[in-house]
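Spelled out, the chains give:
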Amino acid sequence: MHNRTLHQLLEAFTSQAAGRLEAETADGAEVPFELIEEPGGSAPLYCYRPLTGEFIRECLGRLTALPTYAPAARMLADADGVDTYLRGRAEPRVPTEPRERADAALRSFLGHVFAERSEFGFDGERFELAYAELERALYEGRSMTTVIAPLLGVALDAGTSEIPLGDGLSLQSGDSLTDAPSDAVWGEYDEPNVLIVLTIGEGPTPGSTGGSKGAGRPKGAGRPKGAGRSQGGRSPGAGRSPRSTARARFRRALTALRLFERGGYALGPIAWTRADTGMWRPFALGTSGRPRGVTLIPAAEEDELRAFCSLVSRRTPTGGELAWALARFEMGRERLAPFEALTDYLLALRALLEPEGQASGRLAQRLAVLCARPPDRAALAERTAHAISLERAVIAGLAPAQDGADALVDELSENLRALLRDVLCGHLDADLREVADFLLQEAAAAV
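Because the structure is predicted, anything quoted here is derived from the model rather than measured.

A.B. asks: Which residues make up the overall build of the protein chain, and what are the values?
C.D. replies: When helices and strands are tallied, the protein chain shows 17 helices and twelve strands. In the protein chain, of all internal contacts separated by at least 6 residues, the share reaching a separation of at least 24 is 69%. Approximately 22,100 Å² of the protein chain is accessible, and the part contributed by carbon and sulfur atoms is 51%.

A.B. asks: Talk me through the side chain of Arg417; I want residue IDs and the actual numbers.
C.D. replies: Take Arg417: it is sitting in helix α16 (residues 405-425). Overall, Arg417 belongs to the buried group, its relative accessible area being 13%. Within polar-contact distance, the side chain of Arg417 engages the side chain of Glu414 at 3.0 Å. When near neighbours in sequence (up to four residues on either side) are disregarded, Arg417 contacts Arg258, Leu259, Phe260, Glu261, Arg262 and Phe329.

A.B. asks: Lay out the environment of Gly19 in plain terms, naming residues and giving numbers.
C.D. replies: Checked against the element boundaries, Gly19 lands in helix α1 (residues 4-26). Sequence separation between Gly19 and Phe120 is 101 residues; the distance between their C-alpha atoms is 7.3 Å.

A.B. asks: Let's hear about the side chain of Glu24: which residues, and what values?
C.D. replies: Within the element layout of this structure, Glu24 appears in helix α1. Classification of Glu24 by relative accessible area gives buried; the value is 11%. Setting aside anything within four residues of it in sequence, one finds Glu24 in contact with Ala29, Phe55, Cys59 and Arg62.

A.B. asks: Describe unusual backbone geometry, listing the residues and the values that go with them.
C.D. replies: One non-glycine residue, Ala90, lies in positive phi territory at about 60 degrees. Checked against the element boundaries, Ala90 lands in the loop between α5 (82-88) and α6 (98-113). Here Ala90 falls in the exposed class, since its relative accessible area comes to 64%. Although it is not a glycine, Asp167 adopts a positive phi angle of roughly 55 degrees. Looking at the element boundaries, Asp167 is found in the loop between β5 (162-166) and β6 (169-173).

A.B. asks: Could you give me a rundown of the packing of α1 against helix α4 (residues 69-77), with the residues and numbers involved?
C.D. replies: Between α1 and α4, the least distance of the axes is 9 Å, while the angle of their chain directions is 140 degrees. As α1 runs across α4, the sense of the crossing is left-handed. In this structure, α1 contributes Thr5, Leu6, Leu9, Leu10 and Phe13 to the contact, and α4 contributes Tyr69, Pro71, Ala72, Met75 and Leu76. Here the residues of the contact of α1 with α4 sort into nine nonpolar, one polar and no charged.

A.B. asks: Lay out helix α11 (residues 321-333) in plain terms, naming residues and giving numbers.
C.D. replies: Count 3.6 residues to each turn of an α-helix, and residues three or four apart come out pointing the same way. Between its first and last C-alpha, α11 extends 18 Å over 13 residues, near the 18 Å set by a 1.5 Å rise per residue. The set of residues buried in α11 consists of Leu322, Ala323, Ala325, Leu326, Arg328, Phe329, Glu330, Gly332 and Arg333. The elements touched by buried residues of α11 are α9 (242-260), α12 (342-353) and α16.

A.B. asks: Could you give an account of the packing of α1 against α6, naming the residues involved and the relevant values?
C.D. replies: Here α1 crosses α6 at 65 degrees, and the two axes come no closer than 11 Å. Taken together, the axes of α1 and α6 are roughly perpendicular relative to one another. Judged by the twist between their axes, the crossing of α1 over α6 is right-handed. Packed against α1, whose contacting residues are Leu10, Phe13, Thr14 and Ala17, the element α6 presents Leu106, Phe109, Leu110 and Val113 at the interface. The residue makeup of the contact of α1 with α6, split by class, is seven nonpolar, one polar and no charged.

A.B. asks: How would you sum up the nonpolar core? Please name residues and give values.
C.D. replies: Generally speaking, a soluble globular protein has its nonpolar side chains buried in company with each other. Leu171, Phe250, Leu342, Leu353 and Leu420 are the most contacted members of the largest nonpolar core, which totals 64 residues. If one sorts the elements of this core by residue count, α16 sits on top with ten residues. Residue contacts for Phe250: discarding those within four places in its chain leaves Val147, Ile148, Ala149, Leu169, Ile196, Val197, Leu198, Leu267 and Leu285. Judged by nonpolar contacts, the second largest core, of 38 residues, contains Leu9, Ala17, Tyr131 and Met144.

A.B. asks: A description of the pattern of salt bridges should follow, citing residues and the corresponding values.
C.D. replies: If you walk through the whole model with that rule in mind, you get 23 salt bridges. Close ionic contact of Arg87 with Asp83 constitutes a salt bridge, the shortest N to O distance being 3.8 Å. One end of the pair, Arg87, and the other, Asp83, are both in helix α5, four residues apart, so they sit about a helical turn from each other. Residue Arg87 is classed as partly exposed on the basis of its relative accessible area of 49%. Under the relative-accessibility criterion, Asp83 is labelled partly exposed at 25%. Ionic pairing is found between Arg306 and Asp303, a salt bridge with its closest N-O pair at 2.5 Å. Here Arg306 pairs with Asp303, and both are found in helix α10 (residues 302-315), just three residues apart, close to one helical turn. The exposure class assigned to Arg306 is buried, which follows from its relative accessible area of 12%. Within the structure, one salt-bridge network assembled from shared partners comprises Glu356, Arg362, Arg366, Arg433 and Asp437.

Cut-offs applied
Residues numbered from 1 in each chain as written. Predicted model: local features only at pLDDT ≥ 70, side-chain atom pairs only at ≥ 80, totals over all residues. Heavy atoms only, no water. Helix = DSSP H or I, 4+ residues; strand = E, 2+ residues; numbered from the N terminus. Contact = heavy atoms within 4.5 Å. Areas by Shrake-Rupley, 256 points an atom, 1.4 Å probe, with all protein chains shown as cover. Buried < 20%, exposed > 50% of the residue type's maximum accessible area, 1.4 Å probe, protein only. Polar contact = N/O pair within 3.5 Å; in protein donor to acceptor, adjacent residues only side chain to side chain. Axes fitted to C-alpha atoms, helices over the stretch in contact; angles between N-to-C directions. Left-handed = near helix turned anticlockwise from the far one by under 90°. Nonpolar A, V, L, I, M, F, W, Y, C, P; charged D, E, K, R; others polar. Expected span 1.5 Å × (residues − 1). Parallel < 35°, antiparallel > 145°, perpendicular 65-115°, else oblique. Core = buried A, V, L, I, M, F, W, Y, C linked by side-chain atoms within 4.5 Å. Salt bridge = Lys/Arg side-chain N within 4 Å of Asp/Glu carboxyl O.

Shown next as structure tokens:
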């Protein structure tokens, strides 16, 4: 088995689909039949053959509503070789869009599992035969590397075992990976960790050698030796090892989580990797920080998180004030104590809102006009000014004497997170100073 996660998703979907199809026939739906002639003696022999594929197509609307359908379809949409599988199943049309191909593959897969049957109880042996055919089409001639790491400070909905994030990356509940190392699953806590999982396929892409005569690449124009492809069909990085690719992808997903929802998220310091179904081998992930509390991702927000992670992956800047501010925000989120992060957040906000320098004293007002409603702006500006005044204590290594300092830092962090998120999503212009000054001028004119 190359991909245990895909196997688990398809097994769960097939089991639910079997129950749904059984319910359809119990409610009076009939499987169509065709009369076929079989070779025999002097007189022809006829028998009835169930047209299971047609029946599944008729019930497709009810099957796509099953909770296990969407995760299975998303994973197949990210996989290479689905078109090869459909051609091998003699499908009359192979869709060009990845999600349409995944829908067609699931329909064809069910047709194989329940071929020529009018009763739909789940049959494990038939499922394994159908799955083996699918894996041959997807992974023949390729090796699959899986990298996992604990994602701390987050919990999945009770009914969710996995949230696919695209291109072979997903969040999975620790107890759903039955063969994962116990240190990764349990760590220091009584509840199993959520794991961040990356699957990378290396080797020739299924079907890449096909095509019409003369339509191949020019000689010497193929992919460089050793340049694998991710499960989603994208290169994991020029010359990058799976470990380096995982470090970058995990950090990007952690950034997206920190911007998506308030919480104290962190990656565990150790990750594990294995090739195909070999032994798990640990390696240092090179991260720091500890979780502060646990944030639940409700099932209703999973699609939003998936879309947000994709957006952050596309729009994260590589240079300039926004990239620098985002890096300082990340540094602050990894401090062990909230108060230690004050300077990180102030430096990020100064880069975005106070390019004239700290001496201008404009940061508090500009932050307030962007992050608070008109009646609350004066109070937010005052609290921000107070937080700025506490920075000297941080530099001197002194803990603040008054209560509420951590709450001030937390509020500053949340306002910075909101600004970074809104700029990356396109809700705010990247020149936040200009936006703030325009709003301040409007407020002054209204007075």
